[in-house]
Amino acid sequence: MLSQLNYILWNPDVEAFHLFGFSVRWYSLCWLIGLVLAYFIVQRLYKQQKIKDEYFDPLFLYCFFGILLGARLGHCLFYQPEYYLTSFKHFVEMIVPIHFLPGGGWKFVGYEGLASHGGTIGLIVALYLYYRRTRLNLWQVLDNIAIATPITACFIRLGNLMNSEIIGKVTDVPWAFIFERVDKMPRHPGQLYEAIAYFLFFFVGLWFYRKRPQRVGTGFFFGLCLTLIFTFRFFIEYTKDIQVDFESGMLLNMGQILSIPFIAIGIYCMCRKGKNQEKQG
């Protein structure tokens, strides 16, 4: 094993700053930056497509709560059902961001554990509810959100990097990170791989949009987003360490298994003969 000096030592403070006595963590800040960037991107797309502001105004809340609730439930149900579904207190912890203490009482801990697959499902459900309220073309809504989604995914993975979580397997590549809060072993920075890929995918989607803006409303951009992100996610899992013990004996880990249906849906949406039937209000 090479000296630790040959690798990138990684141990940032999880707290970015304090505001009015409250600790603001890098993870929360990255989530916020990603969502705000997506907000302004979709707002610009709506304006370009001459969709009234009244249809855009409620969109952020639908997306925020859909992603948050979906990501939380996805983590608890996909990765730790044996914990969250075995007692009433644990079930409460799944919904409410608290942890019950062994000696009694509780403490606020935030949502410790969010799954991207669950967040995607939650977002899709939220956008369907938004469509039911606004009666915009559902495919148009999905396509617009999909153009902005990779930039949000990029910042979420940067938040994981700041938290030293979702770490990679041990490796001797020269760009390996030593996550000092985890162990002293050089590992693949899987979070950084994903962040860079999603950043590039954002510009791929933007390029297609500028070349073929009339395809918004056909499902193409929604399919492109799903296909790019989850195909990359499937293969990058080979560089990651397992997240939960039950994955150790599996041919494919949970992240790969959950990615397969999203890839299939993405390919279908890209290939379907959809028509743009937008309602501009």
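Residues numbered from 1 in each chain as written. Predicted model: local features only at pLDDT ≥ 70, side-chain atom pairs only at ≥ 80, totals over all residues. Heavy atoms only, no water.

Per an unreviewed UniProt entry, the chain carries the name Phosphatidylglycerol--prolipoprotein diacylglyceryl transferase and comes from Hoylesella loescheii DSM 19665 = JCM 12249 = ATCC 15930. The Sequence similarities (unreviewed entry) field of the UniProt record for the chain holds the comment "Belongs to the Lgt family." Its UniProt record, at the heading Pathway (unreviewed entry), says of the chain: "Protein modification; lipoprotein biosynthesis (diacylglyceryl transfer)." (UniProt positions renumbered as here; feature names shortened; annotations may be inferred.)

With that out of the way, let us pick up unusual backbone geometry. Positive phi values are uncommon outside glycine, yet K50 reaches one of about 60 degrees. Of note, the phi angle at I166 is positive, near 55 degrees, even though the residue is not glycine. Structurally, I166 is set in the loop between helix 7 (138-162) and strand 6 (177-179). By relative accessible area, I166 is classed as buried at 18%. (Helix = DSSP H or I, 4+ residues; strand = E, 2+ residues; numbered from the N terminus. Buried < 20%, exposed > 50% of the residue type's maximum accessible area, 1.4 Å probe, protein only.)

Take the packing of helix 7 against helix 9 (residues 220-236) next. Their axes nearest at 6 Å, the elements helix 7 and helix 9 cross at an angle of 30 degrees. With respect to their mutual orientation, helix 7 and helix 9 come out roughly parallel. Residues W139, L142, D143, A146, I147, T149, P150 and R157 of helix 7 form the contact with helix 9, whose own contacting residues are F220, F221, F222, C225, I229 and R233. Grouping the constituent residues of the contact of helix 7 with helix 9 by class yields ten nonpolar, one polar and three charged. (Axes fitted to C-alpha atoms, helices over the stretch in contact; angles between N-to-C directions. Parallel < 35°, antiparallel > 145°, perpendicular 65-115°, else oblique. Contact = heavy atoms within 4.5 Å. Nonpolar A, V, L, I, M, F, W, Y, C, P; charged D, E, K, R; others polar.)

The positions UniProt marks with the feature "transmembrane region" (unreviewed entry) are residues 26-46, 58-80, 114-131, 138-158, 192-209, 216-236 and 248-271. Between the C-alpha atoms that bound residues 26-46 there is a distance of 30 Å. The span itself is 100% helix and 0% strand. The annotated region residues 248-271 carries 75% helix and 0% strand content, and the separation between its end C-alpha atoms amounts to 36 Å.

With that out of the way, let us pick up the pattern of salt bridges. Under the defined criterion, the tally for this structure stands at seven salt bridges. For D53, the salt bridge goes to K47, with nearest N and O atoms at 3.6 Å. With relative accessibility at 49%, the residue K47 sits in the partly exposed group. Where E237 meets R233, a salt bridge forms, and the shortest distance between an N and an O atom there is 2.5 Å. The class for E237 is buried, based on a relative accessible area of 4%. By relative accessible area, which is 4% here, R233 ends up buried. Through salt bridges with shared partners, a single network forms among R157, E194, R233, E237 and K240. (Salt bridge = Lys/Arg side-chain N within 4 Å of Asp/Glu carboxyl O.)

With that settled, the discussion passes to the side chain of N163. Structurally, the position occupied by N163 is in the loop between helix 7 and strand 6. With relative accessibility at 17%, the residue N163 sits in the buried group.

This next bit is on the packing of aromatic side chains. Per the stated rule, a full pass over the model turns up 25 aromatic pairs. Relative to F220, the ring of F208 lies with its centre 5.5 Å away and its plane at 65 degrees, an arrangement referred to as edge-to-face. With a gap of twelve residues between them, F208 in helix 8 (residues 190-211) and F220 in helix 9 connect regions that are remote in the sequence. Seen in terms of ring centroids, F220 and F221 are 5.3 Å apart; in terms of plane orientation they differ by 85 degrees. Their pairing is edge-to-face. For F221, a relative accessible area of 2% puts it in the buried group. Grouping aromatic residues by their ring pairs yields a cluster made of Y39, F40, Y46, F56, F60, F64 and F65. Over the ring of F100 we find K89, and its NZ or CZ is 5.5 Å from the ring centre. The residue whose ring lies beneath R135 is Y131, and the NZ or CZ to ring-centre distance is 5.6 Å. (Phe/Tyr/Trp six-rings, centres within 6.5 Å; stacked < 30°, edge-to-face > 60°. Lys NZ or Arg CZ within 6 Å of the ring centre and 35° of its normal.)

What follows deals with helix 5 (residues 88-95). Within helix 5 the residues assigned to the buried category are V92, E93 and M94. Considering only its buried residues, helix 5 is in contact with helix 3 (59-79), helix 4 (81-84) and strand 4 (98-100).

To continue, consider the UniProt feature "binding site: a 1,2-diacyl-sn-glycero-3-phospho-(1'-sn-glycerol)" (unreviewed entry) in the chain. In the UniProt entry, the feature "binding site: a 1,2-diacyl-sn-glycero-3-phospho-(1'-sn-glycerol)" (unreviewed entry) is given for R157. Residue R157 is classed as buried on the basis of its relative accessible area of 7%. Not counting chain neighbours up to four residues away, the residues in contact with R157 comprise S116, I166, Q191, E194, A195, Y198, R233 and K240.

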